[in-house]
Every structure is written in structure tokens, then in C-alpha cells.
Amino acid sequence: MEEPEMQLKGKKVTDKFTESVYVLANEPSVALYRLQEHVRRSLPELAQHKADMQRWEEQSQGAIYTVEYACSAVKNLVDSSVYFRSVEGLLKQAISIRDHMNATAQGHSPKEPLPPSSA
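Residues numbered from 1 in each chain as written. Predicted model: local features only at pLDDT ≥ 70, side-chain atom pairs only at ≥ 80, totals over all residues. Heavy atoms only, no water.

- Per an unreviewed UniProt entry, the recorded name for the protein is BLOC-1-related complex subunit 8, and the organism is Ovis ammon polii.
- Heading Sequence similarities (unreviewed entry) of the UniProt record for the protein holds this comment: "Belongs to the BORCS8 family."
- Comment text from UniProt for the protein, heading Subcellular location (unreviewed entry), reads "Lysosome membrane". (UniProt positions renumbered as here; feature names shortened; annotations may be inferred.)

Right, dumping it as C-alpha cells:
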């Protein structure tokens, strides 16, 4: 009776060994299959996120350009204050010359108070 019992144990051992070899042989395939499943499920969402990020980047670049342009314009205005002061001085000088010419044309001395001008 020992021999059939040995055969039964031998069969169990060989079955377990065969099962282990089968699992080990197929394990990389199962792992790759699971990876493929995961990628197939998550790829559309990832592609959408990528498209959204690219759109946001383009909008951000546009906003950055606008802000840089505005800063440059403000800096140029600040730098041009010298020219505005020069123009102001020239305008004051021109007004003074006009008033002097008006006074001379009306026969008034430039030292006398001038009547209010209509201009």
C-alpha cells in the first residue's frame, strides 16, 4: 500500500511544481498585461491633462508678455519725465513770449498788468 501512497504524494509534488513553474513563467506576462490595462484606462485622462496644461501654459505666456509690455511702457513713461519737464518749460516760455507780444501789440508796457487774455 505504500507504493500507491507514494505515487499520490509524488503526483501532488509534481502538480505543485508544475503549477509553480507555470505561475513563474507567466508572471511577467500578467504584469505586462496589467500595465497595459492601466495605461489604456488612464491614457485618455492623462492626454486631456496634458492638453489642459499646454493651453494654460500658452495663456500664461500671453499674460506674462502683456505684463512685461505694460511694465516696459510704464518704465518708458518714467524715463520720459525729463522730456515732459522740458516741454513744460518751453510751453511756459512760449506763453510768456505770447503775452509779451500781445502786450506790445496793444501798446502796453510789459511791466504793466495785462488784461485777461481770451485764449
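Here the narrative resumes, following the displayed structure.
## Here we look at the pattern of salt bridges
Thought 1: Scanning all chains against the criterion turns up five salt bridges.
Thought 2: The salt bridge partner of arginine 34 is glutamate 37, with a shortest N-O separation of 3.2 Å. Placement of the pair is arginine 34 and glutamate 37 together in helix α1 (residues 2–79), with a separation of three residues, close to one helical turn.
Thought 3: Residue arginine 98 pairs with aspartate 99 through a salt bridge whose shortest N-O separation is 3.0 Å.
Thought 4: Using a relative accessible area of 32% as the deciding quantity, one classes arginine 98 as partly exposed.
Thought 5: Look at aspartate 99 and you get partly exposed, because its relative accessible area is 24%. (Salt bridge = Lys/Arg side-chain N within 4 Å of Asp/Glu carboxyl O. Helix = DSSP H or I, 4+ residues; strand = E, 2+ residues; numbered from the N terminus. Buried < 20%, exposed > 50% of the residue type's maximum accessible area, 1.4 Å probe, protein only.)

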